[in-house]
Amino acid sequence: MAANGIIYGINKNMITVEFSGDIRQNEVAHVILGDQRLKSEVVRISGNLADLQVFEDTKGLRSGDKVEFSGELLTVQLGPGLLGQLFDGLQNPLHKLAEHYGQFLKRGKTVEALPAEQLWQFSPVVESGAMVRAGDSLGTVPEALFEHRIMVPFGMEGNYEVVEIAAAAEYRVDDKIAVIKDGRGKLWPLRMNFFWPIRKPVNIYQERLSPVEPLITQIRIIDTMFPVAKGGTFCIPGPFGAGKTVLQQLTSRNAQVDIVIIAACGERAGEVVETIRQFPQITDPLTGRSLMERTIIVGNTSSMPVAARESSVYTAVSMGEYYRQMGLDVLLLADSTSRWAQAMRERSGRLEEIPGEEAFPAYLESIIASFYERAGLVRLRDGHVGSVTIGGTVSPAGGNFDEPVTQATLKVVGAFHGLSRERSDARHYPAIDPLTSWSRYQSFIGSEQREMIIKLLSRANEIEQMMKVVGEEGTSNADFIIYLKGLFFDSVFLQQNGFDPVDGVTSKERQLHIFALLEKIITSFYPFNNKDEARAFFQKLRLLFLNLNGAAWGTAEFTRHEEDLVRLLNKSSQSVDDESGIPARQAFMEQNMDSTFTRAKNTRTVKDGLPLHHDDYRGEDAGDLQ
Amino acid sequence: MMIIEGKMRAIYNKIWRVSGNVIMVQAEGVGYGELAMISAPGVSTLAEVIKIEKDRIFLQVFGGSSGISTGSEIRFLGHGLRVAFSENLLGRIFNGIGESRDKGPEFTDNLIEISSEPVNPARRVIPHRMIHTGIPMIDLFNSLVESQKISIFTTAGEPYNALLARVALQAKVDIILLGGMGVRFDDYLFLKNALEEGGALAKSILFIHTAADPVAECLMVPDLCLTVAERFALEGKKVLVLLTDMTNFCDALKEIAISMEQVPANRGYPGDLYSQLAARYEKAVDFEEAGSVTILSVTTMPGNDVTHPVPDNTGYITEGQYYLNNGRIEPFGSLSRLKQLVNKDSREDHRAIMDCLVHLYADYQETMEKKAMGFRMSAWDNKLLDYGAAFERELLDLTVNIPLSAALDRSWQILAACFKPEETGLHSELLAKFWPRDNEKSKADQDRA
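Residues numbered from 1 in each chain as written. Chains lettered and ligands numbered in written order. Predicted model: local features only at pLDDT ≥ 70, side-chain atom pairs only at ≥ 80, totals over all residues. Heavy atoms only, no water.

1. A closer look at the overall build of chain A
Helix and strand counts for chain A come out as 17 helices and 28 strands. Taking 2.2 N^0.38 as the reference for a compact globule, 626 residues should give roughly 25 Å; the C-alpha atoms of chain A span a radius of gyration of 28 Å, in line with that estimate. Projected onto its principal axes, the C-alpha coordinates of chain A cover approximately 90 × 55 × 45 Å. Counting the 626 residues in chain A, one finds 60% classified as buried. For chain A, contacts bridging at least 24 residues in sequence account for 71% of all contacts bridging at least 6. (Helix = DSSP H or I, 4+ residues; strand = E, 2+ residues; numbered from the N terminus. Rg over C-alpha atoms; globule rule 2.2 N^0.38 Å. Buried < 20%, exposed > 50% of the residue type's maximum accessible area, 1.4 Å probe, protein only. Contact = heavy atoms within 4.5 Å.)

Put into structure tokens, the structure is as follows:
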């Protein structure tokens, strides 16, 4: 029997309720204000008083107003029809809300997440008498590109026998498609949708695997230098204006995965708008379908209620886990996890909890860790493999990475793409700093090559710093050429114009191809007489390479530009491929590029090919641990 | 007991606590966010309910708590702060709580409550119209876009109000809302006169809280401006909202939070500073089939420190910022996040030349550092020095007032006067199309001479 209560106190979006009966932690309750029902969640209980965070504006509430408890936890609805939608943090479809209530988000108005009237062509895959468990398929419906599995609800414990299964036909999400019987003979009717508590990870799988396969984002600096693995985690901290959101947008557009879920958490509404207006018009080259068909957006933007911001990342990840259970690769992009952490801070402050660093609650770290732990590559019980990859941006206060949210995140992610103000000020996009970023995942280029590039960049940076003190005239020609090489590699490979349709999207094949070309340029010897000659050569080479970057892959134009480039290169360089070059090349690697800037820790982990992400060691029994 | 608007409302006269600008009174049936009028001999001020604990009501007193007695009368009004909305507001000047400052009539009809409902993101459209200002550092490098929210990051003493006034006068918008928070009285007069002399006062509405007014009154200025702006936008008008200076607004928030004994997050500011600012800035919107609200605010950075909580949180919310430093808009750090949405359609060379100029200017600054340390200048360094000087003189200077296309042409001339085409790093196709021919180049040189 659900409990009732009345409001005792109000402090912004936190209310204290005097209740009678039994209530649960994190249970949903509704505040009754005239004909409005304001959704809220229990966050603390003490005696006969409970603190509830209200997911709406609390203006006009009075002490003594009625509160009804529901007995249920906060859930998401899972079923066909999620793809292509734009939800708020509580899974209300915003397009539907706009149809019903107009320009503004009215208080207390909600709509079911899944389209209730839409018909889905159901094809059963089990027969009466079959034994099933939670997560097993009963049938499929086509949704966008995928065979959407209609599964036994994840929360059902034990084994069941299928008593009744619907014939192949069209059904609505709420139609009954099966009846199953538990061990005691109790019958359970099943529909094409069910509810799942958002704060609970879905862990019905055979085993959790080590994330080894690269997830191709088509962003060169990420794929080649600081890769992300399917089922892995990564974070993008950066000061404001450094391009976090643009990077996330590019990733959501170009990443080669099945489904992308964007959790726009406490960020600008304008960014969500760009996505929802542009994606339907963009065709995914891999599938030939609109990008929106593989995308779900959870948009709880910064002016929407703060409490719903806190829950929005869980809403997003729960939907991701649902599609993972169908053997799909899901990429969840959370922008920004700092806003989510701030929502926790606001709540914690109103609960008058003892504050930790920068007033964040003391449990911040464990909450961030358990959120990223919901990523993973898993083998399902039917042998298929599915994954959820989580990438979160972090917006550190003052751009200082020493703050609690960044630090707590760095502890638990497998790749770190640190954006720097210096690079973005110089318009070097993406502004991922190659000298501070790292990744524990395997790239598709060899670890030796990665190591060489990192050494080159560190050394070039050192020379640059040194030149500021001793000047160009105090720098040897050999050092100066290394500096120019570093600068060159940075400007033609690491920097990428995300707004250019060709340069902005670099396939794996193309990356491998141009990287080989660059490797040749970098390891070549150039017998220049003076620095101006060297600079002029690299400026010219850069121009040719930028032309190459602007030419579409596999076209005659591309070949022509490549030939121009190779011609110039051969004219000015002594290749190190001939015999006399081998000792020279070694000397180059060992002496000139030996940087005092220590990268040993990161390059070593890359070389061993063993991701050091702590959860990966759990391996097979990860599922049981949770 | 007295009757207001048909409702029985009790008058309370027992104040239990006065602390800072927050008072506590025992009362019943009071709604959260409701306004109250506090009257005592010689004192009459509005207050807003900011916390309820059973029958203990905490009120934030706009006029300040000085002079309030434990026996003052408190009358709850049954509604939040409201503003009269009509065309009659145009050309008028009000104070921080919406009372007339210009001796004009007070309005009591068509009152609307301060709006707190967020716009449904599904009903927003992608901004796509540029607002031309005639300032190359804005138009060329960081275009201002209709429905953008952007802040001028600056320090005390910089001519930020002059910049605001110039944008207000040169931008083609239907209505201007100017919100002043803690502005000095002579700044207020300056802004008012600038609008008046530029002939823009008739399409402007001013809500001005001066430094002499009670601090808490400035808290309502952004809400008043944005509520009115939103209404005009819904009627199809292009509205530009100017807010100066948001740091004073944040400081007022801090003061109330401390009085309420809230746990401070950073440097005394409340943990919800981000949400508070976002609730205001997110009012910038381009409505489908209606008008738009564009917000240009001023954020003064204490000690020119961009990591201070106010500019820091603002930077994460606004769609870019203009750094106003030493009387000019800095090319580095300044950013309009929406410029990509408009500079692709302005002219094909816009983006490329913008990036190129900034790249080279960054190189110039490095050369300047080297020069300052006494190093020998290479041939390349000398080219950069020429370029830097030309760039600062002909584009960076805030007095330059030319339309965008002229600024683009001028950029090519500067490049041609200083560099060879391949030294610019620009794409060959653009160079073929836009690089000035020799005769034009020498003509440009003469012009400049």
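From this point, the discussion proceeds with the structure in view.
2. Considerations on helix α6 (residues 273-281) of chain B
Among the 9 residues of α6(B), 8 are classified as buried, and the element is accordingly described as predominantly covered. For α6(B), the set of buried residues is B:Leu273, B:Tyr274, B:Ser275, B:Gln276, B:Leu277, B:Ala278, B:Arg280 and B:Tyr281.

3. A short note on the sheet that holds strand β16 (residues 187-191) of chain A
Residues and elements named next belong to chain A. The sheet built from 4 strands is open, its strands ordered β10-β13-β15-β16 with antiparallel pairing. If you trace the sheet from one side to the other, it starts and ends with β10 (131-132) and β16, each paired once. Across 5 bridges, the pairing between strand β15 (residues 176-181) and β16 is antiparallel. Considered in β16, the bridge of Lys-176 is made with Arg-191. (Pairing = 2+ DSSP bridges.)

4. With respect to unusual backbone geometry
Cis geometry is adopted by the peptide bond preceding A:Ser336, which originates at A:Asp335 and carries an omega value of 5°. Checked against the element boundaries, A:Ser336 lands in the loop between β24 (329-335) and α6 (337-350). In the segment running from A:Tyr429 into A:Pro430, the intervening peptide bond is cis, with an omega of -10°. Relative to the helices and strands, A:Pro430 is located in the loop between α9 (421-425) and β28 (438-439). Here the phi dihedral of B:Asn110 falls at roughly 50°; this positive angle occurs in a residue that is not glycine. For B:Asn110, the position within the fold is in the loop between β11 (93-94) and β12 (111-113). The backbone of B:Arg267 sits at a positive phi, close to 45°, despite the residue not being glycine. The topology assignment puts B:Arg267 in the loop between β19 (264-266) and β20 (269-270).

5. Here we look at the interface of chain B and chain A
Of the residues lining the interface, 88 residues belong to chain B; the matching set on chain A comes to 84 residues. Of the roughly 7,100 Å² buried where chain B meets chain A, counting both sides, 51% is carbon and sulfur surface. A per-residue breakdown of the area chain B buries against chain A is headed by B:Tyr32, B:Tyr316 and B:Arg337, which together make up 11% of the total. Summed over the shared surface of chain B and chain A, the number is 10 salt bridges. The salt bridge involving B:Asp355 is made with A:Arg427; its shortest N-O contact spans 3.9 Å. The tally of links from chain B across to chain A stands at 36 residue pairs in polar contact (both at pLDDT 80 or more). Ranked by residues supplied to the side of chain B that touches chain A, first place goes to helix α9 (residues 350-372) of chain B with 7 residues. (Buried area = accessible area lost by both parts, 1.4 Å probe. Salt bridge = Lys/Arg side-chain N within 4 Å of Asp/Glu carboxyl O. Polar contact = N/O pair within 3.5 Å; in protein donor to acceptor, adjacent residues only side chain to side chain.)

6. Quick word on the confidence of the model for chain A
Residues and elements named next belong to chain A. Summarising the model, chain A shows a mean pLDDT of 89, and 92% of its residues fall at 70 or more. Note on residues 578-587: pLDDT is under 50 here. Beyond four places in sequence and across chains, it has 7 contacts. Of the regions scoring below 50 in pLDDT, residues 594-626 engages in 64 contacts with residues more than four places distant in sequence or in other chains. (pLDDT = per-residue confidence, 0-100.)

7. Quick word on the sheet that holds strand β9 (residues 120-124) of chain A
All names here are of chain A. Pairing in this open sheet of 4 strands is antiparallel, and the strands run β12-β11-β9-β14 from one edge to the other. Each having just a single partner strand, β12 (146-151) and β14 (169-171) make up the two edges of the open sheet. The sheet shows a mean angle of 40° between the axes of neighbouring strands, taken without regard to direction. In terms of strand pairing, strand β11 (residues 137-143) meets β12 through 6 bridges, oriented antiparallel. Each residue of the ladder has a partner; that of Ser-137, found in β12, is Met-151. (Axes fitted to C-alpha atoms, helices over the stretch in contact; angles between N-to-C directions.)

8. Some thoughts on the packing of aromatic side chains
Working definition: an aromatic ring pair is given by the centre-to-centre distance plus the angle between the planes. All chains considered together, the criterion is met by 43 aromatic pairs over all chains. Centroid distance A:Phe154 to A:Tyr322: 6.0 Å. Interplanar angle 50°. Geometry classified as tilted. Of the two residues, A:Phe154 sits in the loop between β12 and β13 (160-165) while A:Tyr322 sits in helix α5 (residues 306-324), which places them 168 residues apart along the sequence. Ring centres of B:Phe332 and B:Tyr361 lie 5.7 Å apart, and the angle between their planes is 20°; on these two criteria the pair is classed as stacked. Taken together, the positions of B:Phe332 in the loop between β24 (328-329) and β25 (335-336) and B:Tyr361 in helix α9 put the pair 29 residues apart, joining distant regions of the chain. In terms of burial, B:Phe332 and B:Tyr361 fall into one category: buried. Taken together through their ring pairs, the aromatic side chains of B:Phe141, B:Phe332, B:Tyr361, B:Tyr364, B:Trp380, B:Tyr387, B:Phe391 and B:Phe419 make up a single cluster. (Phe/Tyr/Trp six-rings, centres within 6.5 Å; stacked < 30°, edge-to-face > 60°.)

9. Regarding the pairing of strand β8 (residues 56-61) of chain B
Along any regular strand the residues' side chains alternate between the sheet's two faces. All names here are of chain B. Counting buried positions along β8 yields 5 of 6 residues, so the element is predominantly enclosed. Across 5 bridges, the pairing between strand β5 (residues 22-26) and β8 is antiparallel. Paired with Val-25 across the bridge in β8 is Ile-57.

10. With respect to helix α4 (residues 269-278) of chain A
The element α4(A) is extensively covered by neighbouring structure, given that 8 of its 10 residues are classed as buried. Looking only at α4(A), the buried set comprises A:Ala269, A:Gly270, A:Glu271, A:Val272, A:Val273, A:Glu274, A:Thr275 and A:Ile276.

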